[in-house]
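Fold and contact review
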Amino acid sequence: MRDKRLHYKTPLLQTPFHPRTSAANLHGHWAAWAGYQGATDFGDTEMEYTAVRNAVSVYDLCPMVKYEISGTQAQDYLDRLLVRSVARLPVGAVHYTVWCDDNGKVMDDGTLFRLGETEFLLCCQERHLPWLLDSAIGYDVAVREVTEDIAALSLQGPCSAQTLKAAGWDVSTLKPFRIAEVSFQDKPLRISRTGFTGDLGYEIWADPRQALALWDHLMQAGAPWGIRPIGSDALDMVRIEAGFLIAGADFVPAEQALRPDRVRSPFELGLDWLIDWEKGHFNGRRALLAERESGASEWALVGLDIAGNVSAEGAILYHGKEREAGVVTAALWSPTLKRNIALAQLRRSYLGPKSEDLWVEIYAMRELNYVKLMVPARVTQRPFFSPARRRATPPEDF
Amino acid sequence: MVLDALIIGAGHNGLVTASYLARAGMKVAVLEKNDWIGGAAVSRELYPGFTYSNCSYVSSLFRPEIMRDLELSRYGLQILPYEGGAVFTRDGGYLGMFRDHDANRREFARFSARDAEAYDRYSRDVMQHCRFIRPLLMRTPPDPARFRPRDLAELAWIGRKVMDLPEAQIAGMIRFWTMSISDFLDEYFENPVIKGYLAVSAIIGTALGPMSPGSAYVLLHHYMGDVDGNVGAWGFARGGMGAITRALTRSLEAAGGEVRTGKAVKRVLVRQGRAIGVETEDGEQIHAARVISNMDAKRTFLRHVDEAELPAQFVRQVRRFKTRGSSGKLNIALDAAPKFTALPEGAPNLRGDLHFTDSVERMERAYDDWKSGHFSRDPFQDVMIPTMIDPTMTPPGKHFMSCFVQYAPPKIAGKDWTDADRDAFGATCIDQIETYAPGFKSLILHAEIRTPRELEAEVGLTEGNIFQGELTFDQLLFNRPVPGYAQYRAPIRDLWISGSSTHPGGGVMGAPGRNAAAEILRDARIGHQMSDAYAVI
Ligand SMILES: Cc1cc2nc3c(=O)[nH]c(=O)nc-3n(C[C@H](O)[C@H](O)[C@H](O)COP(=O)(O)OP(=O)(O)OC[C@H]3O[C@@H](n4cnc5c(N)ncnc54)[C@H](O)[C@@H]3O)c2cc1C
């Protein structure tokens, strides 16, 4: 029996896949992710990126924070908690959603899995147990933090469906955002058609005790397509192409913001499309309604197409090269699109006609000297990359 | 040659004032009644080879701007961050604290899954309060009753800072400044041990219980400092807290100032409403263009200034300035490191603050004893072993242990403390430690036991109040020490106060001393090298 008191000796936990991921991590590149040791790359980010867009990749998702929510009033509870309609989420389906504090500021985003009429799984980046429990007052619902109880892998890429088929799971009829229940070595296994890559892909949810066998099984099944594990660097590239946000990177979760002006509403993150105004009360609704009516949103989260090929991480956005208009939160020279793309928080007043005159100031360090660039940027559609295979059911072979 | 400035008391604030003045070109001398320097920031060798931190024992509040302006690093000062900490529980377990964020969360989760995830929001909220108050520390408080442009501007500045906050935060702030730490913690946590650990900072040096309104602010007073920018963190001064006042003295001397120890001031000499110098206990009269007292307000004005020279209302208010003592201290030389049975071998927690009071309730009971005029029978102790980190204070393998104790009243059942009372108090504390670290007693080479009586006698802290006056809301900012006299000026011309009785209060912070120097130089129209307070961005 492990002595629980000795946890401090391994402040970064290893995921159930660690024996395999550490063997594959050629450079020993790790970073802390939510209290776990997560690979930043396995030796070659470019090849890992290519695996996602060309064939099939595996990403260890275990550190994702997970809450199990169940009870006769779980649906009502979640409808009050989250901005999107949970009543409309069928059993066996998943959706992306956000939740807000009383002031209508985004606390986090995540995916909600409806596993049964009264059973849900909420996956997110940050920890929220006190908020989830306090919100449960008056509901017949139980909330449990189950991060360590589930081993999760993300299998992503054009050949991911074929890999699963080769592994013995034909999920070709599974539509995006749906869940399939299969079995692995006589134990139930859950596969959802979800992911953070904007590509064809699946997430696999297993009993941690099966983790290693599952990993080996998938690696064997995917071998013909050159399956390979990817780290967070490659994942970040594809998620930017897909236009997905990361809490703490593209916005500051409301409960963490020290500075009162740093919090953002769903409108200000371009996530107001999630809100179901018809479903009755949900947390933050009053404030959001007022914001909608007054048009008081101060910020906009936008996709940018930036001139040149120098990626603009952390750059300041200017209007007319002079007035500060916002900040780039994520940026990438996209290998697939051959475009210099970015996500940015832009002051809303610079949307519209003024967006014609936006500039990005880039400090490019080249051999110990900064090359200072002031280059034009154009507000553009997100996602930057959204191939047909992402939605096609059944998926094509590649 | 007549001095430009004479400072009474070589506490750290007096030394800070003196150094700034000397650097601005003034001829400065500091008179200290003890044969050593430091006031409550002092290190003495009471057992051969062992350096103590006899009063204060940890550093966080000391302003980095002062360390930099006065080049204290050059004169030997180094602040070491420490790690760990734990509260031992009566059932033989413990709750540890860890610098590692995830380790800390998992440790809290051993007690409550919910509280483990509540700590970040708690820290965020406390940090928001810190961000409001930190910029106020190194500014002279405005006098709201006077309508000088400077006071109005300063009031407006504070007003703007408030108005910049969202409504909910203003409400939260007003609640925070007035509520009890117990109520405040209840808003975040459910587990009594976790709350017990976190409540500590609100009762250190306070004649309040954790359930008394106003105790939450005291918590802030202990969180608003930093170690190298790490806000809320605490550290050790390498070589003991006396290293701070030693470095200050060297800095002062390098700037041409002087400290004269064993020179107790009897009274401030006043002629025609102006302070012109002092008379010492040994009969010497020393003249100076201005006199600055580092002693607390009560000691300064009620003992060393002729009452006839002071406004009557002022004297009444100084008399009512609350200085109730609540703390005692044990300083112990140890032959070896104590072993706390609950801690796993090699746990880092010994390198931090160790407590034995595992609930707020129990702390409040300890306070009940204080109210009834007795030291706590089941006291709250903040135990530190700085030698776990600092190699300079004892021979290798030996340790110095500092035990800060709440509660110890200024008087026992209305009577002065006797030696027997003091020894009983010491025994109570040592027995408590022995319960959690069997064999501890046999390691003791020497113990210094200090009650409010000893603190007053040695440092001159009236009633033994460690902060030169309680840190309650009614005694802060422009009301510290009394309304109308918060700008470091006494009612007598050329007499100033610069100790912890003034804004922003007690602790080894240096801000009162620096603010006083700024005012003195301003009045004297002397330009000076004083860096701006670091901005909170
Ligand atoms: C037991 C204890 C523990 C503490 N722990 C901490 C801690 O860990 N961290 C922290 O930040 N703060 C702590 N404090 C508080 C902090 O130490 C004090 O608030 C601070 O040191 C006071 O400094 P000061 O310069 O304002 O005044 P003091 O240090 O009180 O200095 C006054 C000086 O005046 C001298 N003096 C008095 N009368 C005369 C006279 N007639 N003639 C000449 N000189 C005279 C005194 O001897 C003394 O040197 C503690 C205090 C105590 C007592």
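Counting secondary structure elements, chain A contains 8 helices and 19 strands. For 398 residues, the compact-globule formula gives about 21 Å, and the C-alpha radius of gyration of chain A, at 21 Å, lands near that figure. C-alpha extents for chain A along the principal axes are approximately 65 × 55 × 50 Å. Residue burial in chain A is summarised as follows: out of 398 residues, 54% are buried.

Taken as a whole, this structure holds 37 aromatic pairs over all chains when the rule is applied. Note on Phe-267 of chain A and Trp-277 of chain A: the rings are 6.2 Å apart at their centroids and 25 degrees apart in plane angle, and the pair reads as stacked. Taken together, the positions of Phe-267 of chain A in the loop between α7 (232–242) and α8 (285–294) and Trp-277 of chain A in the loop between α7 and α8 put the pair 10 residues apart, joining distant regions of the chain. Each ring, one from Tyr-47 of chain B and one from Phe-50 of chain B, has its centre 5.3 Å from the other, and the planes form 75 degrees; the classification is edge-to-face. Chaining the aromatic ring pairs together yields one cluster made of Phe-108, Tyr-119, Tyr-122, Phe-176, Phe-184, Tyr-188 and Phe-189 of chain B. When the ring centre of Trp-277 of chain A is taken as origin, the NZ or CZ atom of Arg-292 of chain A, which lies over that ring, is 4.3 Å away.

Counting across every chain of the model gives 70 salt bridges over all chains. For the salt bridge of Asp-236 of chain A with Arg-239 of chain A, the shortest nitrogen-to-oxygen distance reads 2.8 Å. Here Asp-236 of chain A pairs with Arg-239 of chain A, and both are found in helix α7, just 3 residues apart, close to one helical turn. Relative accessible area serves as the criterion here: at 29%, Asp-236 of chain A is assigned to the partly exposed category. What emerges from the salt-bridge pattern is a single network uniting Asp-419, Arg-422, Asp-423, Arg-453 and Glu-454 of chain B.

Listed by partner, the interface residues are 26 residues for chain A and 27 residues for chain B. The contact between chain A and chain B buries some 2,200 Å² in all, and 55% of this surface belongs to carbon and sulfur atoms. Between the two partners, chain A and chain B, sit 3 salt bridges. As a salt-bridge pair, Arg-127 of chain A and Glu-117 of chain B come within 2.7 Å of each other at their nearest N and O atoms. Between the two partners, chain A and chain B, sit 15 residue pairs in polar contact (both at pLDDT 80 or more). With 4 residues, helix α4 (residues 129–135) of chain A is the largest single contributor of residues to the side of chain A that touches chain B.

As a further point, take the site of the ligand. Residue and element names in this part refer to chain B. Near the ligand you find 37 residues, and of these Asn-13, Glu-32, Val-58, Ser-500 and Val-508 are the closest. In this structure, Gly-39 approaches the ligand through a main-chain N or O atom, which is 3.2 Å from an oxygen atom. Here an oxygen atom of the ligand and a backbone polar atom of Ala-40 are 2.8 Å apart. Here the ligand, which alone exposes 1,000 Å², has 98% of that area covered by the protein. Contributions of two or more residues to the shell around the ligand are made by α1 (12–23) and α16 (452–459). Residue composition of the shell around the ligand, by class: 18 nonpolar, 14 polar and 5 charged.

Our next topic: a nonpolar patch on the surface. Residues and elements named next belong to chain A. Among the surface-exposed residues, Tyr-363, Met-365, Leu-368 and Tyr-370 lie close enough to one another that they form a single nonpolar patch of about 500 Å² accessible area. Along the chain, Leu-368 falls in the loop between β18 (358–366) and β19 (369–380). You can call Leu-368 exposed: its relative accessible area is 77%.

What follows deals with the sheet that holds strand β8 (residues 142–145) of chain A. Residue and element names in this part refer to chain A. Pairing is antiparallel in the open sheet, where 5 strands are placed in the order β5-β6-β7-β4-β8. Single-partner strands in this sheet number two, and they are β5 (93–100) and β8. Strand-to-strand twist of the sheet, defined as the mean angle between neighbouring strand axes without regard to direction, takes the value 25 degrees. Helix α3 (residues 74–81) rests against β4 (65–70), β5, β6 (106–116), β7 (119–124) and β8 of the sheet, and its axis sits at about 130 degrees to β4.

This paragraph deals with the packing of helix α5 (residues 119–137) of chain B against helix α6 (residues 149–163) of chain B. Residues and elements named next belong to chain B. Where α5 contacts α6, the two axes come as close as 11 Å, and the packing angle between them is 165 degrees. Relative to α6, the element α5 lies roughly antiparallel. Our pair here, α5 against α6, has a crossing hand that is right-handed. Where α5 approaches α6, its residues Arg-131, Phe-132, Pro-135 and Leu-136 are matched on the opposing element by Trp-157, Ile-158, Lys-161 and Val-162. A per-class count over the contact of α5 with α6 returns 6 nonpolar, no polar and 2 charged.

So, on to the nonpolar core. In this structure, Tyr-122, Phe-184 and Phe-189 of chain B are the most contacted members of the largest nonpolar core, which totals 105 residues. The leading source of residues in this core is α5 of chain B, at 9 residues. Taken domain by domain, this core gets at least three of its residues from each of domain 1 (5–38 + 64–77 + 240–321 + 467–536) and domain 2 (102–222) of chain B. Of all hydrophobic cores here, the second largest spans 43 residues; its members include Ala-234, Val-238, Ala-247 and Phe-384 of chain A.

This paragraph deals with the sheet that holds strand β19 (residues 495–497) of chain B. Residues and elements named next belong to chain B. Taken in spatial order, the 5 strands of this open sheet run β9-β2-β1-β13-β19, and their pairing is parallel. With one partner strand each, in any of the chains shown, β9 (258–260) and β19 form the two edges of the open sheet. If you compare each strand with its neighbour and ignore which way they point, the axes differ by 20 degrees on average. The pairing of strand β13 (residues 291–293) with β19 spans 3 bridges and is parallel. Residue pairing across strands places Ser-293 opposite Ile-497, the latter belonging to β19.

Before going further, it helps to spend a moment on the domain arrangement of chain A. Quoted interface sizes are often the accessible area lost when the parts come together. Each domain of chain A was delimited in the assignment, giving domain 1 (13–62 + 150–230) and domain 2 (298–384). Relative placement of domain 1 of chain A and domain 2 of chain A: their C-alpha centres are 33 Å apart.

Time to look at the environment of Val-193 of chain B. Residue and element names in this part refer to chain B. Note that Val-193 resides in helix α9 (residues 192–199). The class of Val-193 is buried, set by a relative accessible area of 9%. In this structure the C-alpha to C-alpha distance between Val-193 and Gln-317, which are 124 residues apart in sequence, comes to 40 Å. The residues contacting Val-193, other than those within four sequence positions of it, are Val-87, Thr-89, Leu-95, Phe-111 and Asp-358.

In this section: helix α2 (residues 45–54) of chain A. Here α2 of chain A has its buried residues at Glu-48, Tyr-49, Ala-51, Val-52 and Arg-53 of chain A. Contacts made by the buried residues of α2 of chain A are with β3 (57–60), β9 (151–156), β13 (228–229), α7 and β16 (323–334) of chain A.

Time to look at the domain arrangement of chain B. All names here are of chain B. Under the domain assignment used here, chain B contains domain 1 (5–38 + 64–77 + 240–321 + 467–536) and domain 2 (102–222). One C-alpha centre belongs to domain 1, the other to domain 2; they are set 28 Å apart. In this assembly, 27 residues from domain 1 lie in contact with 27 residues from domain 2. Summing both sides of the interface, domain 1 and domain 2 together bury roughly 2,200 Å²; the carbon and sulfur share of this comes to 65%. Counting the surface domain 1 buries against domain 2, the share from its top three residues, Phe-478, Gln-487 and Val-536, is 27%. For the pair domain 1 and domain 2, the number of links is 1 salt bridge. With a closest N to O distance of 2.4 Å, Arg-150 and Glu-519 form a salt bridge. Our count for the contact surface shared by domain 1 and domain 2 stands at 9 residue pairs in polar contact (both at pLDDT 80 or more).

Moving on, we come to the confidence of the model for chain B. Averaged over all residues, the pLDDT of chain B is 96; the fraction at 70 or higher stands at 100%. Overall fold confidence (pTM) sits at 0.96, and the ipTM for the predicted complex is 0.95.

Moving on, we get to the pairing of strand β15 (residues 316–319) of chain A. Residues and elements named next belong to chain A. Bridge analysis of β15 against β16 gives 4 bridges, and the strand direction is antiparallel. Within the sheet, the bridge partner assigned to His-319 lies in β16 and is Arg-323. Remark: 3 residues form the turn of the hairpin made by β15 and β16, two consecutive strands paired antiparallel; Gly-320 in that turn has positive phi of roughly 60 degrees. Across 4 bridges, the pairing between β15 and β18 is antiparallel. Paired with His-319 across the bridge in β18 is Leu-358.

Basis of the calculations
- Residues numbered from 1 in each chain as written.
- Chains lettered and ligands numbered in written order.
- Predicted model: local features only at pLDDT ≥ 70, side-chain atom pairs only at ≥ 80, totals over all residues.
- Heavy atoms only, no water.
- Helix = DSSP H or I, 4+ residues; strand = E, 2+ residues; numbered from the N terminus.
- Rg over C-alpha atoms; globule rule 2.2 N^0.38 Å.
- Buried < 20%, exposed > 50% of the residue type's maximum accessible area, 1.4 Å probe, protein only.
- Phe/Tyr/Trp six-rings, centres within 6.5 Å; stacked < 30°, edge-to-face > 60°.
- Lys NZ or Arg CZ within 6 Å of the ring centre and 35° of its normal.
- Salt bridge = Lys/Arg side-chain N within 4 Å of Asp/Glu carboxyl O.
- Contact = heavy atoms within 4.5 Å.
- Buried area = accessible area lost by both parts, 1.4 Å probe.
- Polar contact = N/O pair within 3.5 Å; in protein donor to acceptor, adjacent residues only side chain to side chain.
- Near = heavy atom within 4 Å.
- Areas by Shrake-Rupley, 256 points an atom, 1.4 Å probe, with all protein chains shown as cover.
- Nonpolar A, V, L, I, M, F, W, Y, C, P; charged D, E, K, R; others polar.
- Patch = residues over 30% accessible without salt bridge, like charges linked within 9 Å, V, L, I, M, F, W, Y side chains within 5 Å.
- Pairing = 2+ DSSP bridges.
- Axes fitted to C-alpha atoms, helices over the stretch in contact; angles between N-to-C directions.
- Parallel < 35°, antiparallel > 145°, perpendicular 65-115°, else oblique.
- Left-handed = near helix turned anticlockwise from the far one by under 90°.
- Core = buried A, V, L, I, M, F, W, Y, C linked by side-chain atoms within 4.5 Å.
- Domains from an automatic or database assignment.
- pLDDT = per-residue confidence, 0-100.

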